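# Residue-level structural notes
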Amino acid sequence: IISSIFLKRNLKLTKQIREINDMLREQCAQNGFHFMCNDNITRDVLWNDGIHLTDEGTFMFGSNITDFLNNFIFDVI
């Protein structure tokens, strides 16, 4: 499982992160890996440093992992 990179407050980095996430998604599809998208984790759940997740953001990331694994398990069965 490959997880997408979270967006940051720095808009210049955001563009690069989106490009990298698109490449990751494509490479996962081509190479048989599963890609976990974190598009629901936005800049408003980052601490003031603009990099690290707040408690709410951490909860959202944990929920993404749980949802992904639950869907993955049901897809395999």
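Details of the structure are given in the entry above.
Residues numbered from 1 in each chain as written. Predicted model: local features only at pLDDT ≥ 70, side-chain atom pairs only at ≥ 80, totals over all residues. Heavy atoms only, no water.

### Some thoughts on the overall build of the chain
Helix and strand counts for the chain stand at 2 helices and 2 strands. Along the three orthogonal principal directions, the C-alpha set of the chain runs to about 40 × 25 × 10 Å. Split into buried and exposed, the 77 residues of the chain put 27% on the buried side. Nonlocal contacts in the chain, meaning residues at least 24 apart in sequence, comprise 53% of its contacts between residues at least 6 apart. By element, 59% of the accessible surface of the chain is carried by carbon and sulfur atoms, the whole surface being about 5600 Å². (Helix = DSSP H or I, 4+ residues; strand = E, 2+ residues; numbered from the N terminus. Buried < 20%, exposed > 50% of the residue type's maximum accessible area, 1.4 Å probe, protein only. Contact = heavy atoms within 4.5 Å. Areas by Shrake-Rupley, 256 points an atom, 1.4 Å probe, with all protein chains shown as cover.)

### Let's talk about the nonpolar core
Within the largest apolar cluster, 6 residues are counted, these being Phe-6, Ile-41, Val-45, Leu-46, Leu-53 and Met-60. Setting aside residues no more than four positions away along its own chain, Ile-41 makes contact with Phe-6, Leu-53, Gly-57, Met-60, Phe-61 and Asn-64. (Core = buried A, V, L, I, M, F, W, Y, C linked by side-chain atoms within 4.5 Å.)

### What to know about helix α1 (residues 11–31)
The end-to-end C-alpha separation of α1 is 30 Å, in line with the 30 Å expected for 21 residues at 1.5 Å each. Each element contacted by the buried residues of α1 is listed here: β1 (2–3) and β2 (35–36). Put simply, Asn-10 is the residue that caps the front of α1, since its side-chain oxygen is 2.8 Å from the backbone nitrogen of Lys-12. The first or second residue beyond α1 is Gly-32, which carries a positive phi of 75°. (Expected span 1.5 Å × (residues − 1). Polar contact = N/O pair within 3.5 Å; in protein donor to acceptor, adjacent residues only side chain to side chain.)

### Describing the side chain of Ser-4
Considering the arrangement of structural elements, one finds Ser-4 in the loop between β1 and α1. You can call Ser-4 buried: its relative accessible area is 5%. Within the local environment of Ser-4, its side chain forms a polar contact with the backbone nitrogen of Asn-38, the two atoms lying 2.8 Å apart.

### Side note on the state of the cysteines
Taken as a whole, this structure holds 0 disulfides when the rule is applied. Here Cys-28 stays unpaired: no disulfide links it, and the sulfur of Cys-37, its closest cysteine neighbor, is 11 Å away. Owing to a relative accessible area of 3%, Cys-28 belongs among the buried residues under this scheme. Classification of Cys-37 as partly exposed rests on a relative accessible area of 30%. (Disulfide = S-S within 2.5 Å.)

### Here we look at the packing of aromatic side chains
Enumeration according to the criterion identifies 1 aromatic pair in this entry. For the pair Phe-6 and Phe-61, a centre-to-centre distance of 5.0 Å together with 90° between the ring planes defines the contact as edge-to-face. Residue Phe-6 is found in the loop between β1 and α1, and its partner Phe-61 is found in helix α2 (residues 55–76); the two are separated by 55 residues along the sequence. (Phe/Tyr/Trp six-rings, centres within 6.5 Å; stacked < 30°, edge-to-face > 60°.)

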